[in-house]
Every structure is written in C-alpha cells, then in structure tokens.
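Examining the three-dimensional arrangement
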Amino acid sequence: MTGRGASRGITVWEALFRGTMWVLPRGFRSAFGQDVVESFRDLCRREHERGGVRAVVALWRRSTVQLVLCGARERLAGIQERLFRPAGKPPRRRQPGARDAIEGVVQGIRLAVRSYVRNPGFALTAVAIIGLGIGATTTIFSVVDTVLLKQLPYPQPRQLVYFDHASHPAPLYRDWRDRTEAFDAMAAAWDRDIDLTGDGEPERLDGAIVTRAFFDLFGAEPFLGRLFVNDDFTGEPRVTVLSHGLWQRRFGGDPSVIGRTVVLDRSPLVVVGILDPAFSPPPNVVRSGTDVWVPLDIMTPAIQHRGLFILNVAARLAPAVTVDAAQAELNVLGENLAEEYPDRYRRGDGTPRPMDIVPLRDAMVGEVGGTLFMLLGAVGLMLVIACANVANLFLARGTDREREMALRAALGAGRTRLMTQLLTESLVTALTGGALGVAIAYAGVRAFTLLNPGNIPFVDQIAVDPRVLSFAFMVSATTGIVFGLFPAWQAARADVNDALKDASAGAVGGRKRARTRSALVVAEIALALVLLVGAGLLFNSFVRRLQVDPGFDPERLMMVPLVLQSGTYDEARRAQFARNVMERVKGIPGVREASHGVTVPLMYYGRTRCCWRERGFRSDDLGEENEELAVLVHPVSTNYFNTLGANVRGRELQPEDDHMTPAPAVLAETLADQMFPDVDALGRSFTLDDMEFVTVGVVPGLRHWGLDQEVEVEMFVPYDTFGVGFRRFNLVVRTAADPATVAQALRQAIWAVEPDLPVDEVITMRLRIATSMTGPRFYSALLLSFAAVALMLAAGGIYGSMLYSVGQRHRELGIRIALGARGNDVVKMVVGQAAVLALVGIGLGMVGALAVARSLESFVFGITTTDIPTFAAVAALLAVVAVAASYIPARRAARADPMEALRSE
Amino acid sequence: MEREIVSYLPLNPRDYLILFALTGGERHGYGLIKDVEGQTGGDVSLDPANLYRSVKRLIKEGFVKESERRRAPESSDQRRRYYAITKLGRRVVKAEATRLDRLAALARSQNLISKKERPA
C-alpha cells in the first residue's frame, strides 16, 4: 500500500519533472536526459523514505528551479560556444546576467550572423534588396554630390558668377570689366576650333582663346613650363599653352616641346607651357576637352564689333559683394549703355536690354540639376520600397521566431534586450546590404560616367569618395532602423505566455501582424505606382520626341561638318571650295542629291549658342516693325531643301539668286507667321538689320537644336552672298542606298579639292538624331529601370504577403475545402484579397503620383503631367502584376489538404 | 604538448567534489549525488540537472569518461551509465587538492584557522 502510494506520489512528480525537461537544449537532453530523470527518481525515492510526499515536493521544486536555470545556462553556453569561442579555446565561464549594453549588441551581432548562417535564403534576399536600393541611391548621390553639392574646384568658388544669355561681344565685355566696381576679376574665353598642321596629320582641335585673367580666375596651374604672362597678350612671338592630353597624344609627353614652335591655323606659335591635367574649366565658359589655349588681346580690331557674340564671360565678385548688389550695378550700366547705344541696348518697349549674372554653379548645372534631383527622388522612393519589402520579410520571420523570443524572455532577457537583438539583426542586414550597395555604386558610377548622357559638368570627377561612403553608411544605418524598428517592437511586445503555448497554432498576434504586413504591401504598391507613373511619363515623352517630325527626311542622309579656317580661307576661296567640292560629290556613284550650308539641322543640339542671329525686322509694305524678333539666319546652297527632303511652298534657292538685291529668302513657317500674320508671306519683301530680302519660299521649320525643341524663328538665304564669311561648312548628301557606302568616297572628294583639310566625321542624320536623344533616352531608361525594380519589389511583397496569409489560414482553407469549397473558390478568395490590397495601394498611389508628377513638368514632352493614358496604363499594369503575384499562393491554398487541416485541429 | 596541469586550476568547487567522489571508484549519477552529500556532510546537495551539466563539462575537459564496465547482470543498475575518473582527472584533482592544501596551510600559518579546525 505504502509502496504503491509512494510510487504513485513519486510518479506524479517525476512526470512533472520530466515534462519540464524541454528547457534543456536538445543535445544535452539526448545525451543526459534519461540519466537526469533517473537520478531524480532515485532522489525522489530517498526523499520519500526520509520525509514523505512533502519532502518529494520540496525536492521537485528545488530540482525544477535548478533544471530551468541549468537549461538557460546550457543554452547560453551553447550559443557562446558556437560564436564566442574560436576552436580550441576552452569555454569561458561566465556569470549570466551581468552584461552591459555593448556586450548585448555584440551578442546581437553574433546571434544575427548565426541566424543568417542558419537561414541563408532569408539573409541573401534581404541583403540583396537593401543592397540594390542603397547601391542605386549611392550611385545617384555620388553624381548629385559631385555636380551639385561639392564646392566648385576654383578659388573662392562662392564668389564666381557667370554672365548669362550665352556669348557676348568684346566691347561689351570691356564695358563690364572697366565700368563696374562689383567684380574683383573678370575673364572671357572664345571657343574656337583650331587646326594643327605640320608634324603629322592635320588635326582640328578644340581651342580656347582666353583673356589675361582667365587662368587666375579659375586657379589653373601649369604642369610644365608656364601659363600666360602679360606680354603674351600683345607682343611677339605669339604663344600657346597645350593641354596635357594633347601633349601626351601628339608629342609623346616630350618635355622639350616647351619652346618649340607649332603651326596653329597656319600661324607659328611658341609652346610655353602644358596645362595641369587636373584643371577642368567650367564647360559653359570653355568646352571640356579643349586642347589648345591661346591668349586673346581684347583690343584686337577684328573683334571690336558689338554684334559679334563670341565671348563667354565669368567673374569673381569683390569681397562682401553679393550677386544682387553686382546685378544692381550692372543694371545701372545697362541703362547707361542704352543711352549710348540705343539701337543695340534699348529694346522695342524702351527698356534697356538686360545684362544678367548668375552664380557660376547654377549656370554650369543648368537643367541637369533638376534632372539629378528628380533621379535622386526616384531612387529614394525605390529605397523606401525596398525598406518596406525587407520590413515585411522581417515581420514574417518574426512570427517564426516568436517562440525563440518568448523563451528568451522567459529565461530573463528583458524587452529592451530582445529589441536590441532584433534591431541589431536588422542593422547587420542593412549594413551588409550597404556594403553590397557600395560595391554596386562603384559599378554604377563607372557606368554612369561611361554612359555620360551629356551636359553633366564634372562627369569625370564623379567617384565613390569618403563623402559618398559616409552617405551610404548613414543611409544603411537609417534603413536598418526603419525596417527593423517595427518588427522588433512587435516581437518584443509579444505576450510570453501566448507564445509559449503551442507554437504550431502560429497565430499569435497574427491578426495584428497581418494588418501591418498588408499596410506595408499597400505602401509598396502606392510608392511603386508613383515611380511607375514618373517613369511612364518620361518614357511616353521620349517616344513622343522620337515621333516628332523633324521637318525633313532623315533616311539615307549623310552630313560632313567641315571648318574652313579664316587664316587659310578668304571669302573667294570658300566660294571656290564650295563649287569644286559640290561638283566632285555630285559625281560620286550612289549620291542622289548634295548641297551645303553653314549649318544643318541638329548640328547644334543641346547647345544654346551658335549661328547667326539678326534683329531689326521691318516691312515697308505692311508698315510693320519688330525690333525684338531675333531671327536665325542660315546661309545655304541651292538644292538644300530638296536634299533634306523638306517641303517648300514657293521655291528653293537657285544659282541665279546669288548677289541679287533684294536677296531671295526661304522663310520658316514660324517666321512667316510672325512677320506676316495676316497675309501670305510669299513674294513679300522686308528688311532685316537694313539688309533687303524677298520671300521666295516657305518651309515647315527644321529643328536645329533637337527634336524636342521648338522650331526656331529662322530663314534661309543664299550661301554665296551670306555664307562665305563663316568658317562652318556642312555638306549634306542624300544617297541612293546605305549612306555608309559613300562615306569614304566623300572624304576622298574633299581631299581631292583640299588635301590638308581635317575631316573629323562623316555621319548619318539618323545617328545624329539618335545622339541628340542621348539625354532623354538615358534618363527615361534609368527611371524605367528603377520603376521595374520597384514593380518587382512590389510584386514580391504581394507574393510574400499572400503566401504568408495562406500559410496562416491553412486550416481555415482546409476546412472550407472539406466543407465543399472548390479550389476555384479558394483561388478567387486569395486573389481577391490581393486585388483589394492592390486597389487600395493604387488609389493611394494615384494621389501621390498626381502630386509628384507636377514636379516633372520640365521633363515631359508632348503630354501633360496628368496624362490619363499613362496613369491608366500604369495602374492596369500594377493591378495585373498584383493579381499574377497572388496567383501562385492562391493555387497553393487551393491544394490545401482538408485531412491534414482537420487532424491538426 | 600537453597542457600544464595548473592551467586547469582552480576547479569549480562542484567539479572538484565530483572528481573527488570519482577517485573512490566508478559512480552513476545518483551515486555521485550521495557521495558529494556524504563528503560535505549534506552541505552540498547536487540537483540532477546541474550534476549532469558538470559531468558533461568534465567529460569534455577529459577529466571523466563514461565507464565501459557495467554492474554485474544481477544488479538492477545494469542500464545505468557509470562514470570513471581519467588519469588527467586524477592529476587535476590532486593538483587542486594540493593547491587548496597550500592555501589552507597559509591560513593556518597566520593562525587564521586552528590546526585542528576542519570544515564540519
């Protein structure tokens, strides 16, 4: 009786003890578990003999407390062993509890690393997503930083200003320089192509003719020899400074080139120095890649005409003088000049012509600034979507780890401690992603500079430097906190008791968490929509640019830009050259039509200055005058429009037109509409700056600056009368077959006439058009790729969320199927759920997109920023992707096994 | 190559007691608990979980091994695992005893404890 009672009393306590054995780590349990229980049973027997059930209960209580403590120590020791201790070192004994925050973080990092090693798929996905986001953001930031944020690499960069409205005449430059107090220093540069001859092949170089203060203003240093001194600007011999690149390329880096004479534009110049290769002048003052520098004597009679717009001007403000103050002084000067030269500096309405200065950086950056900030905004959005995505991953993982967290809480880990660990994990993820991002940024920056879309200043200086690295680090850390805080908070808040109950129920805090996840998915969809709308608008604009009618037929059209330098060619020789070349070119088999002009369409895309502009229109017939209208005048040869395939109403220019008075002119429709708004322009005569013309034809405009630019107010006049004074000479040829086949024959024809003439390029109009589209194509492609990533992330978010939700509702779905629901119904239900999320996201995204799109005003072309087809297409795309992404989880749900579901219930 | 014995010292008191108990011959878990209690006059009472935690550690350190011999078949204990002290364990426990003895001698030499005094 006692024996049975005793054994029963013992059995109960033994069973209780045994039931607590799970606190021990599995390895320990399998090695010693049985022995522990048996020892406990032996002790129980003894205690029962000694003090009955009371003693057994006391023993059980004591032993169980010890058992739990032992479990905790063993688990900690296990963690320590795997992480803290390199192989071969004995385990450190440590007192549990007393551990400071830093140690907590260190431990957190180790735990994070360990948990990632255990679950590499999760880690890789999270790191890849974050890496992509940070990589893209860092790439764009390094561009923005170099172009927009860093100081200009010149002395006193904040004091530098640029004289706006393109180029200026030399006398006006002197007025600014001599009749103002606001500027400390002022310099001007004249961009000119310069022919280098003698010693090898003739070569056309980008040259700059610069004033005295130029190199000082921008802090240039010689690499070898010297830069210009005062005597260089007036005296003999004439001198030149060469670029480091030209010196290397043409002279093999030979230092003895200093003091040697080179032939530039047929004149001998003495090389006095080689420019520091690090020097990079503002591209709006001097073209980048300028190879030859020549001093400019500002008093040279040849340039003392107030209609000769040749100089790009920059200045340094005197200390403590603001841009506004300098502008005010310039305005006063403008008034005075308007008094002195009313014809030139007073506008039709009596106000003086404006003379404006802008900070040099603003002038250099121009529209690129807006574009870059737009890109930065776009990658920022992408990064936020990536964050939401990873936060979702962490939330899903949080559910799986709820028991781990609860156990740690039960074993005495504080809430702060758990949050620290989870936050550390997300930070480790983010920083690893950041490291990947930096690697991506290195590649990205390289790609960006290689694909240079043009007109980005300092593009060669864009690099992943310490500033960029610290930016990447800060973004990574912020990212980690952003996507880690919420899941950490949720996990740490979880109720220990709930969590320790059967974990397979799995729905602890599930509802709340599901809501959070849904909110994140909605946010992802909304943000992706914003990005997609932006990309869609840009892409749509790009397509519309391509569809613009250039006003001529670009197929099988070839152009050869030439420069007939003034030193070599006078007007008679240019006319002679034109006649001889045309004769030969027309004789080339495969050439259908040929003509030439000072410029041709798209010659100067992306530039703001070129060409011949005239003001001062007067029509005696109509008694009209328009002083303000600046007309672009193009001297062109006969057969010009026929070659281009442009439709002329009236007639083309003809050989007989040369040297006639009034001179025949073909007007662009834009000009005809402005000058003769109410009558037919054909046959009307008019004067422009006292030159007499008669309209013989009207053409739709030819786009000179780019397909996306407005058609200029322009007119075409006979070459022999007006064109022979210009250095520029562009040959245009229409071919019967592939234009490439005649390229070599064209060169030969030119060299047959002029063996020394450099022929830089023979290019097709198609290529020219494509090149002129580089910027829009690059930016819309970049934005599209960001949007594509955003779309993928959003799709992944929906997919993951649905998969998770289906997993959670596994039993419910099983029961539904058991009760007769068909697979189809389940699919519909799950997809419907995704569709609801998508619709909410799209709705919210639309509101955001409408707001954001407004800022894209300057980037769109041919559509408005609220272009309904773009918005609709993007919304539809997103909806389709959302539904498609939810389909796989839905199919899986439909296959839920009702038996399994019922069993586990 | 072999580690200096002193590098294992000092021993955790519980480990010392377990090793000491094993110097008297092979023991199973409950036997160890009883022995340690006996040695300390009931002052140290090992609970099963922590006992095996120590055993696990001592095995890992190489002080203790699982005995290959089993009790005689007639013994009801045949399924139990017995543990034996290793040579290394013996040396370590001896070294620890020496160390403790020196400390005790030091205390005695300063009359901190009387020559006869022994822990109860």
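Keep in mind that this is a model prediction, so the values were computed, not measured.

The next subject is the overall build of chain A. Scanning chain A for helices and strands turns up 27 helices and 23 strands. Considering only contacts within chain A whose residues lie at least 6 apart along the sequence, 83% involve residues at least 24 apart.

A few words on the overall build of chain B. A tally of regular secondary structure across chain B gives four helices and two strands. Secondary structure elements of chain B occur, N-terminal to C-terminal, as α-α-α-β-β-α. The burial tally for chain B puts 27% of its 120 residues in the buried class. Pairs at least 24 residues apart make up 55% of the contacts formed inside chain B by residues separated by at least 6 positions.

Another point: the interface of chain A and chain B. Of the residues lining the interface, 16 residues belong to chain A; the matching set on chain B comes to 13 residues. A breakdown of the residues in the side of chain A that touches chain B according to their chemical character gives eight nonpolar, three polar and five charged.

Right, let's talk about the pairing of strand 7 (residues 267-275) of chain A for a bit. Residues and elements named next belong to chain A. Relative to strand 7, strand 4 (residues 222-225) runs antiparallel, the two sharing three bridges. Note on strand 7: the bridge partner recorded for Gly-225 is Gly-273. As consecutive antiparallel partners, strand 6 (residues 261-264) and strand 7 are separated by two residues, and within that stretch Asp-265 has a phi angle of approximately 45°, a positive value.

Residues and elements named next belong to chain A. For helix 7 (residues 244-251), every residue scored as buried is listed here: Leu-246, Trp-247 and Arg-250. Looking straight down helix 7, one finds its buried side chains confined to an arc of 100°; they lie on one side. At its buried positions, helix 7 is contacted by strand 3 (203-210), strand 5 (239-242) and strand 7. Immediately downstream of helix 7, the backbone of Gly-252 shows phi near 60°, a positive value.

Let's shift gears to the nonpolar core. Residues and elements named next belong to chain A. Residues Met-382, Ile-525, Leu-529, Leu-531, Phe-786 and Ala-790 are the most contacted members of the largest nonpolar core, which totals 171 residues. When residues of this core are assigned to their parent elements, the largest contribution, 18 residues, is made by helix 16 (residues 510-547). Discounting chain neighbours no more than four positions away, the residues touching Leu-531 are Ala-378, Leu-381, Met-382, Phe-786, Ala-787 and Ala-790. By size, the runner-up hydrophobic cluster in this structure holds 61 residues, among which are Val-600, Phe-617, Ala-646 and Val-733.

Looking along a regular strand, one sees the side chains alternate between the two faces of the sheet. Residues and elements named next belong to chain A. Counting buried residues along strand 12 (residues 591-597), five of its seven residues qualify, which places the element largely inside the surrounding structure. Bridging between strand 12 and strand 22 (residues 728-735) involves six bridges; their strand directions are antiparallel. The residue bridging Val-591 from the neighbouring strand is Thr-735, located in strand 22.

Residue and element names in this part refer to chain A. Topologically, Ala-818 is positioned in helix 24 (residues 810-818). What makes Ala-818 partly exposed here is the crowd of 14 C-beta atoms within 10 Å. Each C-alpha atom of the pair Ala-818 and Pro-898 lies 5.2 Å from the other, and the pair is 80 residues apart in sequence.

Turning our attention to the confidence of the model for chain A. Note: predicted coordinates in regions of low pLDDT should not be interpreted at a detailed level. Residue and element names in this part refer to chain A. The predicted model of chain A averages 82 in pLDDT, with 90% of residues at 70 or higher. Counting interchain partners and residues more than four positions distant, the pLDDT-below-50 stretch residues 91-99 has eight contacts. Predicted confidence is poor over residues 502-508, with pLDDT under 50, and the contacts of this stretch with residues over four places away or in other chains come to nine contacts.

The next thing to look at is helix 1 (residues 13-23) of chain B. In an α-helix, one turn spans 3.6 residues, which is why side chains three or four residues apart end up on the same side. Listed in full, the buried residues belonging to helix 1 of chain B are B:Asp15, B:Leu17, B:Ile18, B:Leu19, B:Ala21 and B:Leu22. Count one or two residues on from helix 1 of chain B and you reach B:Gly25, which has phi positive near 130°.

Residues and elements named next belong to chain A. Where helix 17 (residues 571-586) contacts helix 21 (residues 743-753), the axes come no closer than 9 Å and their chain directions differ by 140°. One finds that helix 17 runs oblique with respect to helix 21. Crossing of helix 17 over helix 21 shows right-handed handedness. Residue-level contacts link Phe-577, Asn-580, Val-581, Arg-584 and Val-585 of helix 17 to Leu-746, Ala-749, Ile-750, Ala-752 and Val-753 of helix 21. Of the residues in the contact of helix 17 with helix 21, the class split is eight nonpolar, one polar and one charged.

The omega torsion of the bond from B:Leu9 to B:Pro10 falls at -10°, within 30 degrees of zero and hence cis. Position of B:Pro10 relative to the elements: it lies in the segment before helix 1. Residue A:Arg266 is not a glycine yet carries a positive backbone phi of 70°. Position of A:Arg266 relative to the elements: it lies in the loop between strand 6 and strand 7. With 13 C-beta atoms packed within 10 Å, A:Arg266 lands in the partly exposed category. The phi dihedral of A:Arg556 is positive, around 50°, even though this residue is not glycine. Within the secondary structure layout, A:Arg556 lies in the loop between helix 16 and strand 11 (557-563). A:Arg556 gets classed as partly exposed once you count the C-beta atoms within 10 Å, which come to 19.

So, about the confidence of the model for chain B. Averaged over chain B, the pLDDT score is 81; the fraction of residues at 70 or greater is 83%. Confidence, expressed as mean pLDDT per element, reaches its minimum in chain B at helix 2 (residues 29-39) of chain B with 87 and its maximum at strand 2 (residues 83-85) of chain B with 90.

Before going further, it helps to examine the environment of A:Thr764. Residue and element names in this part refer to chain A. Tracing the backbone through its elements, the reader meets Thr-764 in strand 23 (residues 763-764). Each C-alpha atom, one on Thr-764 and one on Glu-555, is 8.4 Å from the other, the two residues being 209 residues apart in sequence. Those residues within four positions of Thr-764 in sequence are excluded, and the remaining contacts are Leu-557, Met-558 and Pro-739.

All right, on to the environment of A:Gly587 then. By the element assignment, A:Gly587 lies in the loop between helix 17 and strand 12. Placed 162 residues apart in sequence, A:Gly587 and A:Ala749 show a C-alpha to C-alpha distance of 9.2 Å.

What counts as what
- Residues numbered from 1 in each chain as written.
- Chains lettered and ligands numbered in written order.
- Predicted model: local features only at pLDDT ≥ 70, side-chain atom pairs only at ≥ 80, totals over all residues.
- Helix = DSSP H or I, 4+ residues; strand = E, 2+ residues; numbered from the N terminus.
- Contact = placed C-beta atoms within 7 Å.
- Buried ≥ 20, exposed ≤ 12 C-beta atoms within 10 Å, placed from the backbone.
- Nonpolar A, V, L, I, M, F, W, Y, C, P; charged D, E, K, R; others polar.
- Pairing = 2+ DSSP bridges.
- Arc of directions from axis to C-beta.
- Core = buried A, V, L, I, M, F, W, Y, C linked by C-beta atoms within 7 Å.
- pLDDT = per-residue confidence, 0-100.
- Axes fitted to C-alpha atoms, helices over the stretch in contact; angles between N-to-C directions.
- Parallel < 35°, antiparallel > 145°, perpendicular 65-115°, else oblique.
- Left-handed = near helix turned anticlockwise from the far one by under 90°.

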